[in-house]
Every structure is written in structure tokens, then in C-alpha cells.
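Report on the structure
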Amino acid sequence: MTAHRAEHAYVEDHSPGTGRLAPRAAFTSDAPRLSLDGDWRFRLAPGTHALTDCFEDPGHDDTGWHLLAVPSCWQMSGVPGPPVHGAPAYTNLVFPFPVDPPRVPDTNPTGEYRREFALPEDWPADGSATLRFEGVDSCFAVWLNGVRLGDGKGSRLPTEFDATAALRPGRNVLAVRVHQWSAGSYLEDQDMWWLSGIFRSVALLHRPAAGVRDYFVHADYDHRTGLGTLRVDCDSPDARITVPGLRLGLAAGESATVPVEPWTAETPRLYDGVLSTGTERVPLRIGFRTVSVENGLLLVNGRRILLRGVNRHEWDPDTGRTLSLATMLHDIRMMKQHNINAVRTSHYPPDSAFLELCDEYGLWVVDECDLETHGFFLTGWRDNPSDDPRWREAYLDRMSRMVERDKNRPSVIMWSLGNESGTGQNLRAMADWTHTRDPGRPVHYEGDWDSGYVDVYSRMYADHAETDRIGRRAEDPTTDPALDEHRRSLPFVLCEYAHAMGNGPGGLSEYQRLFEQHPRCQGGFVWEWIDHGIRQRTADGEEFFAYGGDFGEPVHDGNFVADGLVFPDRVPSPGLVEYKKVVEPVRVTIDTATRTVVVHNGHDFAGTGHLRFLWRVEDEGVTAGEGELSVPHVAGGATAFVPWPDDLTKLPDPAVERWLTVSAVLAEDTSWADAGHEVAWGQTMLTSPPAVQVPPTGIAPTTTGRYVELGAGVFDAYSGSLVRLGELTLDGPRLDLWRAPTDNDLRGWRGSVAAQWRAAGLHRLEHKVLAVDSDGGALTVRTRVAAAGTDTAMMTAYRWTADPTHRGRLWLTVQVEPVGEWPFPLPRLGVRAAVPASYDTVTWFGAGPGEAYPDTCAAARVSRHSSDVTGLQTPYVYPQENGSRAGVRWARLDDTAPEPTDGLLVLGTPHFAFSVRPWTSEDLDAARHSTDLVRRDRVYLTVDTGLQGIGSASCGPGVLPQFQLPTRPTTFTIGWQTAVPAS
Ligand code: IPT
């Protein structure tokens, strides 16, 4: 090997690094610390072969170099403008380079970083100095003042070097060379953007002689006695621990048992303490809790817990995997506000500051190791590192660096070996090591369904039926009865489910029911928290979020990277709102027969003392009475039955539809939401609506030349379509079966329903008018709706009548009858009309305020809602069907032009769904990014009698049978009215 090649050999060897210090707990202390974050000098070479000179030489002239922020991902610099250094690239499984472990391509972008710093004058002369990198992607070597300190791999894990000998008083020069690809890349094939660089903080730490190197807090809680037992192991034998709140003073290794309040995600009680040696003081935040698996259940403090979780990648649309503390806190507050109680740190340990926040705010954490070898699946798992002894050290290194770093976090209740890495001896070795090092936490790994060396049975995307079987401990057997028996003894979690890609996920309520029904099903983690979109701008400066392929990657997985409950800018998507309702920790139901409000407290620990209960009665969406319900304190798991208050029972009967809603809101401000924040709610109908009368026939139509007049309506005599209603000119309602396919329609393990729809031509239906008959007090238009090249059709009859009792109101009864083969559910069944774009305000009485589809409608409540047209659109990163409002009794569109005309009122018998868009479904279908959608001079109103459910087929089960829209003869009636008095 030439000297030049030998110098870079570490990039491609199995070793996790050289010259590194042993891993230890993350902590700060009173010892001096110099942050090295800030602007560094930076240059990027296309590969090690192209490195020109000794950049590590302290005298090297770097004045012509770029400046790059540390921490940052170098491909993100320039964003939201064009990336300056290389570009982000997205693949899910596939390695973006030839699979030849441990070798990587010669075209290996290599960043050279330099940073000068002055050692503070008061920097202590004793002890040692440690250079700490919280995260460098993917492999790096470090020089201080020209002295090589070592090298390392393991991107999302800390690495420390001893800097003592190389450190000088005054000026110091730190040089770091970072390689985009390394042997470590084979272990870091997570489904995310490939990004590189020093992406977490760097610091120089003074380590006092006889200071604390490492410590391990053991703080158990015995729920039978209410006593906590504290022992802090520390490798400084003279260390002492004090916890003033518990009046404790202990030596390292000594234990004490005292009454404590336990830590749980619902009640995150932390005790402040101090660990001190003669030379260093380390603040401690201690949470007492005991995690165990007993009788097939995962317990914390002796109780079964229910995980209402999300998978969280670290993501920011402007900075990639570099996150500010404010962003981490924002995530946690949003999770708490949406009733989420658990996080799986998919698929690598997060910034350790995030876990400290989890301790403080209260979230159960499954801390996952930085390991994924998923790309080997595509090559038949040949050479998978998980079963190759040459990689054993790297696997153990990664696991120990995570466990050692995070072992003092009470929020971490489980260790996860990694994700999608196949099976093999190295995974078992990780589990074995972890069990020995930390017997206090169960070990998780999904990739080996036999679960031979883990403590919970974990799966991803199992459908409802299989989850139900597993819940009954009746899962499909394997070939090994002994393993089956072992697995049946384990609790079950869905480490990923409900793929939140685009519109959806559907079917959440049905999963939750299984989790609440079967003790073994301890909940799961929705995939995933956030869309990993990258902010970009069009030539016109309009912002959009980029996904795979947008940076010209030759190999990529498109928008599969945008599958979160929040949009890239952290605006909640409807999926998050739905999840909040589905997992609400308190269930409020209303029993009209006994006039009782039933409050079930689904918290695992907390009582309802932090909540107030408010009731409101609405008559057709208008408040008719409200007040507070006095609910006794309900313990976790218990139920209270509360009689309706007098004020409620005494309300006079209304002439319209009446609903009662009861909300549970925070009584006081918390760290994550203000007083009044709604946690849970329930509602029920108290008085049903008066039946809508549709007159069978009415005013007779009259034909004058090209037009037919019927009441307030004017129809084209040839096409039979409504062209005017009162003062309003419109493109009258016409059958609509098409929706812009959602990600879940498009993809699917069992094929794509959207492909079937498209093959059948549902997106290009032609409407052939067969007859226009104006007699018998009605206008009847018969059509045959069909796609080119097929002889299947939807025979469609529109029957219009004018309502003699309501001026300006027409009734339309649509009758559809499929002819020929229709072997799939329909996307939608409704009619679409278009009105001038100035009709841009919508008010409706029905479910809302957000979008709701048959299997995503838990969060929509019946009330009177209103929105402008923009507010009715959901800006999915990849444009698709969105925005439909469900359970609508009536909706009115109002014209907000300078001289407004009458509004348009649409009425259902009984209910319909509507969407109102400034563009068509065809426009939505054609768009690839939000900025492709251009407003038209019309507003398109679709009124649906049925919609296909959403499901989660983009990765998981499709639409459950009960939420599919069957193709069968259907009749529905809609009222259309203008001259509506604004109310
Ligand atoms: C699963 C992965 O674990 C996760 O990282 C993500 O890629 C998800 O799929 C899809 O978005 S693996 C899949 C084979 C079920």
C-alpha cells in the first residue's frame, strides 16, 4: 500500500476508531469547558485522492477557504437556496454506492475543517483535556496542533479524544477531516437523507485530576412500599452524592432507601442532586422508576403502560440533522400537547439534550442504537455485517457508546439494538452485553421476530387482524416450538405502525381499540413524527419542500421521505390531530338515557386532578348553554359517572339539531401547555334534526330556446347542466368519481388501487348526455359516464326539482348504476360544480374543523365551522387528495367580492362530504410539489355521498373493508340554493 493509501485506510476498515477514550455518561460539571461551535474554515474535496496538502499543519494557510458553521450538515449549507457544498441525497434501503463492504467509492466527498482557538488564560494546568465530538457523519480523523489524536466512526454517537499532550497555552489549531462514506456507512443505512459533517457540537473539556470520569445512577422505585432506592456507582471512589430534597448524603456505591415520588412520563418527578469529588461537582437529575417485564407485560413501577408513541428522526427543513435546543423543545411540547407519551429515537440516539428534555417533560423513550444495514436486504442479505464476526467490535462499540452516554436518563425505559439489520450473532452480542451492563432496562430489536435475545416482541406494520391475534397470544407459530413459547411470554409493541405518509394514516382508532382491549398489546409508535422535506424556493421565490430526486440524485426514493405527522416546518398535519384524539388519555362519553357523563381515566398513573371538565350545548352549531361539570377525582384506570348539571337538563328543547360536547382541559399552566388546553373531549347528539322534506315534484320546468328554467335554476337545454342559480353563474354539478391519488392509494404491498383506477380511466371519464327531459314537474338528465376504450360505464341520472316552499332552492337526486366490471372500490362518489373564485368563504354545519375521511374522522367534531378556501387545503409535501370535510348537513359558500352576490347553500339528506378547492383534482394529480398548484378563476366544489377510506398502504395495511367505498347502484340527494340570507 502506498503511504497515501495507508494514511486513509481507517476509512474503509471494520474498526470503530483509534485513539478514542472509553465511552461514558453524558454530563456537564463545574469544570471548565470551551465550546468550539461556531464558524470553522472548510473546504470540500471529491475524494481522498484529491487531497492536496497537509491541511492539519498548524501553519497551513486557510484564508481562502469557505466558512462553515459547526455544527451543521455541509450539504445543507446554502439552503433554502441551492446547496453550496455537494447536495443532500435521499435513499430508503438502497445504498447509493456499490455494495462491497467495507469498501466505499473513491468518489468520497471529504471535508477538511480547521478551527483556531485560544485556550483561556485561566484554563487549569492540572488534570487532562478531552476533545468531545457529539456527532460527526460518517468518519473522521482529528489533529490538534498537527498531532494526530485519532479517528472515529459511528455518526450519531459521541467520540472523545485525549487532547492533553497536544494542547498548548494560547493559540491552538484543530483540524478535522470528515469523509462522507466509510465502512461505517454500511451500518448507517437509515431511511433518510445522506448528510455529512460535524453536525453536533464540539467542545474542549477540562478534566480535573480526581474528577468524575463516569457514573451510573440506579434509582429504583418499589410501588408496593412507595420507597425509592438510590445508588450511584462512580469510578471516583471518593465521590459523594447529595440529594437535598431527600436529605440524602451517600458515598459512591452506597445505597439508601427512602420515601419518594416516582418518575413516570405522566408525572416526571426529578430530584436534584450533586455528585462531587474534591475537584468536581456534577449536577444530577434523578428520577426513581423501575422497568420490568413480568407475566408477559412491560411494567413501569409495577403497572402496565400503554405506549402512545411516535418514531422521531432529528429533522429540520433548513439545517437537516442539526437541531437547535429550541427545536427539540418544540417537538417535545408538541408531542405532549397531542397526547403522545413515548418516543422511539428512530434510528439512532438523538442529541443527548433531547433526552434530558424527555426526563424533564415526561416521555417514555426507546433509545435506539445507530445501526441499520437495510440495504443488504436488496442483495439477499449476503455479507450482512450483523452476522460477520469482523464487524462484532463495531456493533458492540456502537451499543456501548449509546448505553454509556444515556444510562442516567430515567426517560429511557428500553434500549433498542437498531433497525432493519437482519439477524445475526453481532446483534445477539449487543443484547448480551447490554443485559449485563444494565439489567434495569429491557432490550428491544424488531428485526428478529423469533425474539430469542430480546425482552419484548416487536413488529412493524402488522395489520389489525394480526395484531389482534398477537394480542390474544395466538400468533402464527414458527418452526421452533421452544422459541414460540418464549415469544408468547413477551409483551408486544408495534415499534412502527400507521405510516403517516401524505393524507392519513387511516385506521388509527381500530389499532387503539386493540391496544386497549389486549393487555399484551402495549401500544406502538406511529411512523413517523416529521416529514423530512428540505426547504427550497422556485425561481419566483415561492417556498416548497424538496424530497428525493430534487437534487438530481441518480438513485433515490422520491417522496417516501415525507411521511410524518407534522409537515417539515412542524405545522401539525391532520394525522397528528387525529392521533391526538385517538390516544387521548381520558375518555369522555355521554349517556343520554341516564343523563350521565362517563369519565374514564386512561392514564396509567396520573389522576384527573389536573383537569377541568367543561360542557357546551350547541343548537345547529350555535351555543345554547355552557358550564363546568364537577367531576370527582378519578384515579388512573378508574371511571366516574357524573350526572348532568341542572343548567343542562333545564335547557328548553330546540327546533334544530342539538349536540352536547364535554371537554377535559388543563386546570393550570404546565411546562408544555397553558391552562385551558384541551386534552380530551366527547360529544353526542341530544336532539335529532327535523327531517328535510324533498318535494317529489314541484314547479314545472319551462323551455325557452337554448335554456330550461326550473325555479331559480337555468339549465342548458342540450347538456342539461345547471348554468345559473339565481344570480350565480356556475358550472353545474356533474358526477365525480376521481380523486388525486394519495400516497396510500398509490403504493401498496398488495398492489396499488390508484393504478387500478387509472387503468380503468377514472381520471378521464367522458359524460355522454343521453336525454334531457323536462316534464312531470322535474328536469331529468340521463348520462352515460365512461372512459375511452372501455365498455364499462356508470349510468347516471340527474333529477332536478324546484322546492315550492323554499325560494331559490333546487333539489338534485343523482342515481348511479355501474354497468360492467368495476372490480375496485371507487375513489369518491359525488358531484362537482364550479363557481367564481370570489366565492372563497365556506361555513358549514357538520364535522370539522379539519379534514376527515371515513377512517380518519375521530378528531372531527360536529359544530358550525368556517374557513376561507386556502384554509380548506392541506399542503401535503406531495400534492394529493385532501381537505374533504365530513358529516356535513349544510355548507354555504360566500362571495367576498367587493360587491358580493348571494351565497350558495348546499344541503344534504342526511349528510355529505365536501371539498372546496381553488384548483381541480386533475391539477392536484398532476402536481409534484405544492408550488405546481396554481389558482384558477373558479372555485371547485365537490359534494360527495361517499369517499374511499385512507388506510396506510404506503407501508402497511390498506383500507379496512368497512371503510371502502363499494361500487354499486346508489342514489343521493343534494339541495342547492341561492338568495340565502347571511346568518
Ligand atoms: C421501515 C423502516 O424501519 C423505517 O425506517 C421506514 O423506512 C419505514 O419502513 C417506511 O417509511 S422498514 C419497512 C420494510 C417496513
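Residues numbered from 1 in each chain as written. Predicted model: local features only at pLDDT ≥ 70, side-chain atom pairs only at ≥ 80, totals over all residues. Heavy atoms only, no water.

This part covers the side chain of T373. With respect to the element layout, T373 can be found in the loop between β28 (364-368) and α4 (392-406). Residue classification places T373 among the buried residues on the basis of a relative accessible area of 0%. Polar side-chain contacts of T373 include one of 2.8 Å to the side chain of N384. Each residue touching T373, except ones within four places of it in the same chain, is listed here: Y186, L187, D189, W381, N384, P385, S386, Y395, N419, E420, S421 and G422. (Helix = DSSP H or I, 4+ residues; strand = E, 2+ residues; numbered from the N terminus. Buried < 20%, exposed > 50% of the residue type's maximum accessible area, 1.4 Å probe, protein only. Polar contact = N/O pair within 3.5 Å; in protein donor to acceptor, adjacent residues only side chain to side chain. Contact = heavy atoms within 4.5 Å.)

Taking strand neighbours across the sheet as the criterion, the 5 strands line up as β43-β44-β45-β46-β47 in an open arrangement whose pairing is antiparallel. The open sheet is flanked by β43 (702-704) and β47 (728-729), the only strands paired with a single partner. With 4 bridges connecting them, strand β44 (residues 707-710) and strand β45 (residues 713-716) associate as antiparallel partners. Residue L710 lies in a different strand from β45, and its bridge partner there is G713. (Pairing = 2+ DSSP bridges.)

In the UniProt entry, the feature "domain: Beta galactosidase small chain/" (unreviewed entry) is given for residues 713-977. Here residues 713-977 runs as 6% helix and 49% strand, with 9 Å between its end C-alpha atoms. (UniProt positions renumbered as here; feature names shortened; annotations may be inferred.)

Right, let's get into the sheet that holds strand β3 (residues 38-45). Strand pairing in a sheet is mediated by backbone hydrogen bonds. Such pairs are either parallel or antiparallel. Taken together, the 7 strands give an open sheet; going across it, the order is β1-β10-β9-β12-β6-β3-β4, and neighbouring strands pair in antiparallel fashion. In this open sheet, the two edge strands, each paired with only one partner strand, are β1 (17-18) and β4 (66-70). Both β3 and strand β6 (residues 110-119) contribute to a ladder of 5 bridges, which runs antiparallel. Paired with R41 across the bridge in β6 is R114.

What follows covers unusual backbone geometry. That bond from G504 to P505 is cis: its omega, 0°, falls within 30 degrees of zero. Relative to the assigned elements, P505 resides in the loop between β32 (492-497) and α8 (508-517). Residues G848 and P849 are joined by a peptide bond in cis, for which omega reads 0°. The phi angle at N295 is positive, at roughly 45°, despite the residue not being glycine. Of note, N295 is situated in the loop between β23 (291-294) and β24 (297-300). The exposure class of N295 is exposed, given its relative accessible area of 77%. Look at E420: it is not a glycine, yet its phi comes out positive at around 45°. Residue placement: E420 occurs in the loop between β29 (412-416) and α5 (425-437).

So, on to the pairing of strand β51 (residues 793-802). Consecutive residues of a regular strand have side chains that alternate between opposite faces of the sheet. For β51, a buried count of 8 out of 10 residues is recorded, marking the element as mostly surrounded by other parts of the structure. Alignment of strand β50 (residues 778-787) against β51, held across 7 bridges, turns out to be antiparallel. Bridge assignment links R782 to a residue of β51, and that residue is A797. Remark: 5 residues form the turn of the hairpin made by β50 and β51, two consecutive strands paired antiparallel; G789 in that turn has positive phi of roughly 85°. Strand direction decides the pairing type here: β51 and strand β52 (residues 809-819), joined by 10 bridges, are antiparallel. Residue A793 lies in a different strand from β52, and its bridge partner there is V819.

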